[in-house]
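Understanding the architecture of this molecule
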Amino acid sequence: MSAVSAAAAAAAAVERCALGIRRARPTAASPATRHRPPSLRRGPRRHLALAAAAAASRRGPVAPRAVATPADRASSDLLGKFTLDSNSQLQVAVNSAPQGLVAEINLEVTNTTGSLILHWGALRPDRRDWLLPSRRPDGTAVYKNKALRTPFAKSGDNSTLKIEIDDPAVQAIEFLIFDEAQNKWFKSNGQNFHIQLQTSRHQGQGASGASSSTTVPEDLVQIQAYLRWERNGKQSYTPEQEKEEYEAARAELIDELNRGISLEKLRARLTKAPESSESGSPASQTTVAKVPEDLVQVHAYIRWEKAGKPNYPPEKQLVEFEEARKELQAELDKGISVDQLRKKMLKGNIESKVSKQLKNKKYFSVERIQRKQRDVMQLLTKHKHTFTEYQVEIAPKKPTILDLFTKSLQEKDGCEVLSRKLFKFGDNEILAIATNDPRKVKVHLVTNHMEPLILHWSLAKKAGEWKAPPSNILPSGSKLLEKACETSFSESELDGLRYQVVEIELDDGGYKGMPFVLRSGETWIQNNGSDFYLDISTRVAKNTKETGDAGKGTAKAFLERIADLEEDAQRSLMHRFNIAADLVGQARDAGLLGIVGLFVWIRFMATRQLIWNKNYNVKPREISKAQDRFTDDLENMYKTYPQYREILRMIMAAVGRGGEGDVGQRIRDEILVIQRNNDCKGGMMEEWHQKLHNNTSPDDVVICQALLDYIQSDFDISVYWDTLNKNGITKERLLSYDRAIHSEPNFRSEQKEGLLRDLGNYMRSLKAVHSGADLESAIATCMGYKSEGEGFMVGVQINPVKGLPSGFPELLEFVLDHVEDKSAEPLLEGLLEARAELHPLLLDSPERMKDLIFLDIALDSTFRTAIERSYETLNDAAPEKIMYFISLVLENLALSTDDNEDILYCLKGWNQALEMVKQKDDQWALYAKAFLDRIRLALASKGEQYFTMMQPSAEYLGSLLGVDQWAVNIFTEEVIRGGSAATLSALLNRFDPVLRNVANLGSWQVISPVEVSGYVVVVDELLAVQNKSYDKPTILVAKSVKGEEEIPDGVVGVITPDMPDVLSHVSVRARNSKVLFATCFDSSTLSELEGHNQKLLSFKPTSADITYREIAESELQQSSSPNAEAGNAVPSVSLVKKKFLGKYAISAEEFSEEMVGAKSRNIAYLKGKLPSWVGVPTSVALPFGTFEKVLSDELNKEVTQNIQKLKSKLVQEDFSALGQIRKAVLNLTAPTQLVKELKEKMVGSGMPWPGNEGDQRWEQAWLAIKKVWASKWNERAYFSTRKVKLDHEYLSMAVLVQEIVNADYAFVIHTTNPSSGDSSEIYAEVVKGLGETLVGAYPGRAMSFVCKKDDLDSPKLLGYPSKPIGLFIRQSIIFRSDSNGEDLEGYAGAGLYDSVPMDEEDEVVLDYTTDPLIVDRGFRNSILSSIARVGHAIEELYGSPQDVEGVVKDGKIYVVQTRPQM
């Protein structure tokens, strides 16, 4: 009998037993009905869920229980008396039950005052630790799985406890006694109390002690077996184990019957049905009403909903029905009538929910929506933010006179700006600046107000002070008053613009600030009803306007405008939102960086880094109206500028919806209704009411939730503070409000129901204004609602949004019904389906677009919350389920991303991998790993994009506004962590080890297996240190390796989490230099290595793994391995200077060692020697010396002189000259003879001549040639030649000219496996499109395979591709570098110099799910086999291992170059 079938049989038995005794009266309330579970913080649903969970936990293993009362059976043998203190004594007695099967230990403590706890365990001869018997008195708790804790029962002045021991192997018990009231432990002479049981009980019978004649009904055995299975964690049993468990269950029941328990009591306990009372008791005379079946169904549904709607198996469903029946019967037993019970239970739509479950025959199972079958590419949006946008500095508007004045101060030598504030009054502005020159502090007040104006001012050493300035600092013509001074503004002019100014030199009086007001005639001018104030105690951060690099990569002028307006924005949220609305147009004009700047400002506000209200009383409807105005402007931009939608969504999520009139005013009105209806007009509620009237803010949402949680917890004040603190609201913040909240809430129990109802409704109003991601209010706004009820939302009506998809309201209703389900999968599907249905509308311009955007934001936010809630359930989930969750999160990310093409192709591939799992395809893990890597690349790219886009603006604006540095530093990180990308990354990290294990990939990919020892140095990028020299053997742990870098001098090993291709430049360089090079996939291993920074380690690799250990200096010195100094080895390499031999261009037949490099010669050698099915492109060349000849031409005299000057800078090690030389080379003019000869050779060889398509095409070709020559001065190439002491002047560059094959695929072959050194095995990598993505620094991995040379028809796939980008090009010409510095003995110079196509390649985001090389095994095997055959044929031709490059076009193989494998 399987575990499931045993469970089903047991459940059926439960039902049969329960039906037989359903009307019997219970003897006592069970723990399930006796205790009320604590509540949680999120309203009634969370409360019910916990109640169900608590009830479930109490339905744990069912075991016979002793009751904590004095013994009333056979007389006990008194074993001992123990003195606990001067007034109290412990008495211990033991007696035996019939047949000696159960020992009873009776404990009595005399003269006790408080509650006592027995801390105890049992002793058996076969174990040293305490045994925790399963037979335990009521109220016993398990303490850290090491002891039991049982409370004594109070009986007059004494406390008593009885323990029953039914395990014959137990020989003694040990215990301590704890007095909770006195926090005191009682021991026996400093040791545990030890009570030895009578030895007679350990003799005679076996473990079961069962009488051979006793029998138990089979239905009860089935139930006991089920309970044992449930108690043991629902393990999967073998048939033998099932049999053993079944018989063990029978033995346990026989044991109980033999101890005198009646069969009826046994049946009652197992079925948890009430047992019949003893005849003659008063209870037996009472008639108890039967629970109606429909109420049982309703209550069972409520229990299931409380538990989070888990998917119950059939047997569990039956148990749940009986549990529901029992709980209702207990209610009836208390005297409540059936009618009262019915009225209490049937509220809301509970009856319809239950009937729907019964109608669909889906008892206790979560319904799921049927997702529409749609092509994921329907979700495509391609609004790409190009990198160049970030670099464009937005030209500021024409500077005002105040801007010019500021600039004039900043340009003064030694002048430091201390503080700067811009104030508005009417249509004019006044700028207050404090500066510090070498002598003293000076205050400048400048205005564009040109009417006569008087400054009424003073100085302050503390806040709110007005102190008359000393007479010796008064400007000329000033008038000193009692506590102030008056000074007239004087006119001045700058760059033809007029202004008025007052300048005041301060003494060293320790002033904190300068308060002032203005007077024009008889009119006093204030700062919105308050004094103007310039703070001179704090300095403007150094990295602000006056520093050269400040604001680089930002819309600098726009950010400075925001900073100028911040003082005004701090008056209230109304002011901030109105200012934000005014700035929307300027942000749009500044482009992407302007929109980003606006987002940074709003997010600083939303995260409470900026002041929300400064002594300004504003009505909620005014805040709501300003909010509405701002979000309306954002909505209009969303419609007309689709490239900014992703950032605009972020702004709207941070702002909230707002609303005209009604919604905002309801915040003010409804708090009065709550106070009146619930009689709570004083204390905290009155203080909150005053705050709400003065200035409502997003904090009010948190305060309201804290109140709800506090009330729901039965007024536990710690719950109130817990909610506040978890959401960033401290006691200090409550006191900082203009209308401070000093008091804690203090409600009465009779207020509970009304407050929960009214505050729950009030929360909807608060969220409607302040939250951009509240699901319930967002749905209500889009679906429409009309006010109902008393006091709340009276007269408010919102019409539904028109044009919503068919069935959309039902879909949203499904989402709301399941938003707190324990099983999140159906909810996630519903949320995604709703977002997918909304997506086409959000790409269009529907009415009320804003409401739909907020709905989508809310759906997205709810999705992320549900996913995070599901993490725990995925701990032991099967791979298929984790993959499905990753698929859901990928889709959600795609729906939130502007440029989502790569993410959608990742989603397609991942779904394909999921299908492969279902079909049990043996390649599924390898395939899924490639897409997991690609998804990670997409997430990394997204993170880099966000950082480049946002962080400079956060840093510059943060410095201008004085935002805490920690908040600035983590700005972009927190934005990313708040989105789906972070959720997805967490799931991938969880699943990656699973994939690597199934695919047998291990934690390492060893690219260059060399045993090395050296000092660990952790670096961010290999690129950043490639030109550095290390003076001792060094092993770099580099977080980033792209593939194009050089290995630095002194480095003997490189470890990285990045995945450069095995045949990339850095991989080849590592193998040639005998440097360890490996990718580590395990983040914990990588972290451990990073923790060994600066320590000396020894690494020992195999082809698939690496071991390492810390060693002593002496081991390094004793190492006989030549690799210990490999990084310092300098090969002896020399070049022969090449001369121009009279020809600008030559054909392949003329290729020779004096004219061209090995690349050209090899390709010419292959012509006609390979099988007919292998193509070799036609080639011509510009030979050695051509570049130098062109330089010497009179046409290029000035260019030559410039290059000579730059070369002299290089001699002085000014390496900036490298880039300047490359630019200079591009200015060369082609001699007429060069053009003539190249045309003749190309046409004569059958190649197209670019000039036939017009002069512009020739100019493109000529530019490509010059770029090849210029690559002689690439940084990587230059430093590489310096490293091996090659004379750079002797380096000559021929140019190989070939017609481009517009490839379907490109490949690189190493005819000896470079990772293992196995010469019998070919290793190759393949990419889609041109080979530049393979040999260049393009992210992702190529397809890789190996093939045995004696079995070329059976290539073995090692890995699927993860490169997101492929390069494709029109029919064109490529100009390849072919220097005399490549393929030298002991030095691999290949790949250092550039090959340049005449036309730009097109970057295409790759969809591998339709690529036959990926999805068609037969096609793949054919292509890979052909590639392997080509490599083998070329190796045979040369007689040595070869490094071959080629392409595949329409199934035909072309070889474009070959060289000796280094």
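Residues numbered from 1 in each chain as written. Predicted model: local features only at pLDDT ≥ 70, side-chain atom pairs only at ≥ 80, totals over all residues. Heavy atoms only, no water.

1. Some thoughts on the overall build of the protein
Quick note on the threshold: Helix and strand assignments follow DSSP, with helices taken as H or I runs no shorter than four residues and strands as E runs no shorter than two, numbered in order from the N terminus. Three labels apply to residues, based on accessible area from a 1.4 Å probe with only protein chains included: buried if under 20% of the type maximum, exposed if over 50%, partly exposed otherwise in between. A 1.4 Å probe and the Shrake-Rupley method give the accessible areas. Residues count as covered only by the protein chains that appear here.
A tally of regular secondary structure across the protein gives 47 helices and 45 strands. Buried positions account for 53% of the 1462 residues belonging to the protein. Summing over all exposed atoms, the protein offers an accessible surface of approximately 64400 Å²; the carbon and sulfur share of this is 48%.

2. What about the pattern of salt bridges?
Keep this limit in mind: For this analysis, a salt bridge means a side-chain nitrogen from Lys or Arg found within 4 Å of a carboxyl oxygen belonging to Asp or Glu.
One pass over the structure, following the stated rule, counts 66 salt bridges. Residues R835 and D860 are paired through a salt bridge, measuring 3.5 Å at the closest nitrogen-oxygen approach. Here R835 is found in helix α26 (residues 825-843), whereas its partner D860 is found in helix α27 (residues 849-869), with 25 residues between them in sequence. The exposure class assigned to D860 is buried, which follows from its relative accessible area of 7%. Among the charged side chains, a network of salt bridges with common partners joins R371, K372, R374, E833, E837 and E891.

3. Things to note about unusual backbone geometry
Even without a glycine there, the phi angle at K144 is positive, about 50°. Relative to the helices and strands, K144 is located in the loop between β5 (141-143) and β6 (147-151). The class for K144 is exposed, based on a relative accessible area of 62%. With phi around 55°, N1000 is a residue other than glycine that occupies positive phi space. Mapped onto the elements of the fold, N1000 is located in the loop between α33 (980-998) and β25 (1004-1008). Look at N1000 and you get exposed, because its relative accessible area is 70%.

4. Brief notes about the pairing of strand β19 (residues 497-505)
Successive residues of a regular strand alternate their side chains across the two faces of the sheet. Selection rule: One requirement defines pairing of two strands: DSSP has to find at least two bridges between them.
Both strand β14 (residues 441-447) and β19 contribute to a ladder of six bridges, which runs antiparallel. Within the sheet, the bridge partner assigned to K442 lies in β19 and is E505. In terms of strand pairing, strand β18 (residues 490-494) meets β19 through five bridges, oriented antiparallel. Following the sheet pairing, S490 is matched in β19 by V501.

5. Concerning the packing of helix α29 (residues 901-918) against helix α30 (residues 924-961)
In plain terms, the rule: Between N-to-C directions, angles span 0 to 180 degrees; the directions come from axes that are lines fitted to C-alpha atoms, helices contributing only their stretch in contact. The scheme is simple: roughly parallel for angles under 35 degrees, roughly antiparallel for over 145, roughly perpendicular for 65 to 115, oblique for anything else. Note: crossing handedness is left-handed where the near helix turns anticlockwise from the far helix by less than a right angle, and right-handed where it turns clockwise. Note on contacts: a residue pair is in contact if any heavy atoms of the two residues lie within 4.5 Å.
Between α29 and α30, the least distance of the axes is 9 Å, while the angle of their chain directions is 160°. When the axis of α29 is compared with that of α30, the two are roughly antiparallel. Regarding α29 and α30, the two cross each other, and that crossing is left-handed. Each of D902, Y905, C906, G909, W910, Q912, A913, M916 and V917 in α29 lies in contact with α30, whose residues at this interface are W924, Y927, A928, F931, L932, R934, I935 and A938.

6. Regarding the packing of aromatic side chains
As a reminder of what qualifies: Classification of ring pairs rests on two measures: the distance between centres of Phe, Tyr or Trp rings, Trp counted by its six-membered ring, which must be within 6.5 Å, and the angle between planes, read as stacked under 30 degrees, edge-to-face over 60 and tilted in between. The rule for a charge over a ring is simple: NZ of Lys or CZ of Arg within 6 Å of the ring centre, and within 35 degrees of the ring normal.
Within this structure, the stated rule accounts for 31 aromatic pairs. A network of ring pairs unites the aromatic residues F1187, W1249, W1258, W1262, W1269 and W1273 as a single cluster. Its end group placed over the ring of W524, R519 keeps NZ or CZ at 5.5 Å from the ring centre. Residue placement shows K731 over the ring face of W721; its charged tip is 5.2 Å from the ring centre.

7. Describing the sheet that holds strand β45 (residues 1452-1460)
Spatially, β33-β45-β44-β36-β37-β38-β39 is the arrangement adopted by the seven strands of the open sheet, whose pairing is mixed. Looking at strand neighbours, the two that pair on one side only are β33 (1174-1175) and β39 (1356-1359), the edges of this open sheet. Two elements, β33 and β45, share two bridges in a ladder whose sense is parallel. By the bridge assignment for β45, G1175 is matched with Y1454. Docked against the sheet, helix α47 (residues 1417-1438) engages β33, β36 (1305-1310), β37 (1321-1328), β38 (1343-1348), β39, β44 (1442-1449) and β45, running at close to 40° with respect to β45.

8. Quick look at the nonpolar core
For clarity, the cut-off: Among buried residues, those of type Ala, Val, Leu, Ile, Met, Phe, Trp, Tyr and Cys that are joined through side-chain atoms within 4.5 Å constitute a nonpolar core.
Residues W601, F630, I651, W910, M950 and I1427 are the most contacted members of the largest nonpolar core, which totals 172 residues. What W910 contacts, discounting residues up to four positions off in sequence, is M883, I886, S887, L890, A928, F931, L932, I935, F991 and L995. Grouped together as the second largest cluster of nonpolar side chains are 48 residues, L1210, L1228, A1261 and A1277 included.

9. What to know about the confidence of the model for the protein
When pLDDT is low, close inspection of the predicted coordinates is not appropriate. The cut-off we apply is this: Confidence of the prediction at every residue is given by pLDDT, a number between 0 and 100.
Summarising the model, the protein shows a mean pLDDT of 80, and 83% of its residues fall at 70 or more. Low pLDDT, under 50, characterises residues 273-287; the stretch is placed with 20 contacts to residues that sit more than four places away or in other chains. Note on residues 787-795: pLDDT is under 50 here. Beyond four places in sequence and across chains, it has 17 contacts.

10. Notes on the side chain of E429
Note the threshold: By the criterion applied in these results, polar contacts are pairs of N or O atoms within 3.5 Å in which, for protein atoms, one can donate a hydrogen and the other can accept it, and in which residues neighboring in sequence qualify only through two side-chain atoms.
Structurally, E429 can be placed in strand β13 (residues 428-436). Here R561 takes part through its side chain, which lies 3.4 Å from a polar atom of the side chain of E429. Not counting the four nearest positions on each side in its chain, E429 is found in contact with L402, L422, F423, K424, V446, T447, N448 and R561.

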